[in-house]
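# Structural overview
Given next are the chains, with one letter for each unit.
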Amino acid sequence: PGAINQMSTFAMHVAKTGLNSQQIKMQVIANNLANVNTTGFKADRTNFESLLYQVLRGAGENTSENTSLASGLSVGTGTRLLNTSKIHSQGSLINTGNSLDLSVEGDGFFQVLMPDGQIGYTRNGAFMRNAEGTVVTASGYPLQPEIQIPADAATITVSSDGIVSVQTPGDVEAQEVGQITLADFSNRQGLQPNGESMLIETPASGAAIIANPFAEGMGRLVQGSLESSNVNVVQELVDMIETQRAYEVSSKTITSVDEMMRFITQNI
């Protein structure tokens, strides 16, 4: 009975790993759905892996002098959530008509100077002018390279390759005031989400590759539009049902093991 109880306890621990993993997956799904209207948001995906196996008999172990096991006897010890990764697919472009609303059609991130001195990378191109005329995010973080818009600028034009021009009263020709550049990475999955729709460079992502829009594989800029979230609501709801069912099955496993242990205790 003691050995049977021990094996049943192992089964409970295995089921517990399933409960823990599915709980975290549900939190990831909830976050995706919460950000369905967040400009430039990229959905997260969960990646699971199996835990170590208990190898009770190895494959190829002798069963007689001239024969061996075709397959070993291995018992799994559960699962765990290995990591989450961003799905960097293109979101839909929504026209706003605002001259400083920018979106990237294709690859590349806007570069923003964070308060701690780090460069944040984002697909949220809802920019505006601050009191000094600097192009900043809604939180007041300056776009990099920094661009100054004259106070008397009547119109602002951003070309698809990132050239920012303004038209001032009395001037016939537009005046160029800056060049927007984009950044990309050899491993975008290695970028660290930092809140505020920002991603931060890490050793896994590699160094930023800086180039003008429409050059070196970068996408083009679209003025007067914003990129919507790429969250697929229908898929997230299906994943939610699947996760709920998996959680229920793991919970049912614990209940079943508990009933088995009670039966053994009472009848053996």
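Provided above is the structure to which this section pertains.
First, a word on what this report is: a plain description of the structure on this page. Values in this document were obtained by computation on a predicted structure and should not be read as measured data.

### Structural notes on the sheet that holds strand 14 (residues 175-179)
- Pairing in this open sheet of three strands is antiparallel, and the strands run 12-13-14 from one edge to the other. Whereas interior strands pair on both sides, the edge strands pair on one side only; in this sheet they are strand 12 (155-158) and strand 14. Direction aside, the axes of adjacent strands within the sheet are offset by 25 degrees on average.
- Both strand 13 (residues 163-167) and strand 14 contribute to a ladder of four bridges, which runs antiparallel. The residue bridging V164 from the neighbouring strand is G178, located in strand 14.

### Section: the sheet that holds strand 7 (residues 110-113)
- The strand order across the open sheet formed by five strands is 11-7-8-17-16, and the pairing between neighbours is antiparallel. Of all strands in the sheet, those with a lone pairing partner are strand 11 (143-144) and strand 16 (192-193), marking the two edges.
- In terms of strand pairing, strand 16 meets strand 17 (residues 199-200) through two bridges, oriented antiparallel. Looking at the pairing, P193 lines up with L199 of strand 17.

### Here we look at the packing of aromatic side chains
- Applying the stated criterion across every chain yields a total of three aromatic pairs.
- When the ring of F110 is compared with that of F127, the centres are 5.2 Å apart and the planes differ by 85 degrees; the resulting orientation is edge-to-face. Here F110, found in strand 7, pairs with F127, found in the loop between strand 8 (119-122) and strand 9 (128-129); they are 17 residues apart in sequence, far enough to count as distant. We note that F110, like F127, is buried.
- For the ring pair Y121 and F185, a centre distance of 4.9 Å and an interplane angle of 85 degrees mean the geometry is edge-to-face. Of this pair, Y121 sits in strand 8 while F185 sits in the loop between strand 15 (182-184) and strand 16, and the two are 64 residues apart along the sequence.
- With relative accessibility at 5%, the residue F185 sits in the buried group.

### So, the pattern of salt bridges
- Evaluation of the coordinates by the stated rule reveals 11 salt bridges.
- The salt bridge involving E248 is made with R245; its shortest N-O contact spans 3.6 Å. On the criterion of helical spacing, the pair formed by E248 and R245 is a turn pair, its members being three residues apart in helix 2 (residues 233-267).
- Given a relative accessible area of 44%, R245 falls into the partly exposed group.
- Look at the salt bridges and you will find they share partners, linking K42, R123 and E227 into a network.

The rules behind the values
- Residues numbered from 1 in each chain as written.
- Predicted model: local features only at pLDDT ≥ 70, side-chain atom pairs only at ≥ 80, totals over all residues.
- Heavy atoms only, no water.
- Pairing = 2+ DSSP bridges.
- Helix = DSSP H or I, 4+ residues; strand = E, 2+ residues; numbered from the N terminus.
- Axes fitted to C-alpha atoms, helices over the stretch in contact; angles between N-to-C directions.
- Phe/Tyr/Trp six-rings, centres within 6.5 Å; stacked < 30°, edge-to-face > 60°.
- Buried < 20%, exposed > 50% of the residue type's maximum accessible area, 1.4 Å probe, protein only.
- Salt bridge = Lys/Arg side-chain N within 4 Å of Asp/Glu carboxyl O.

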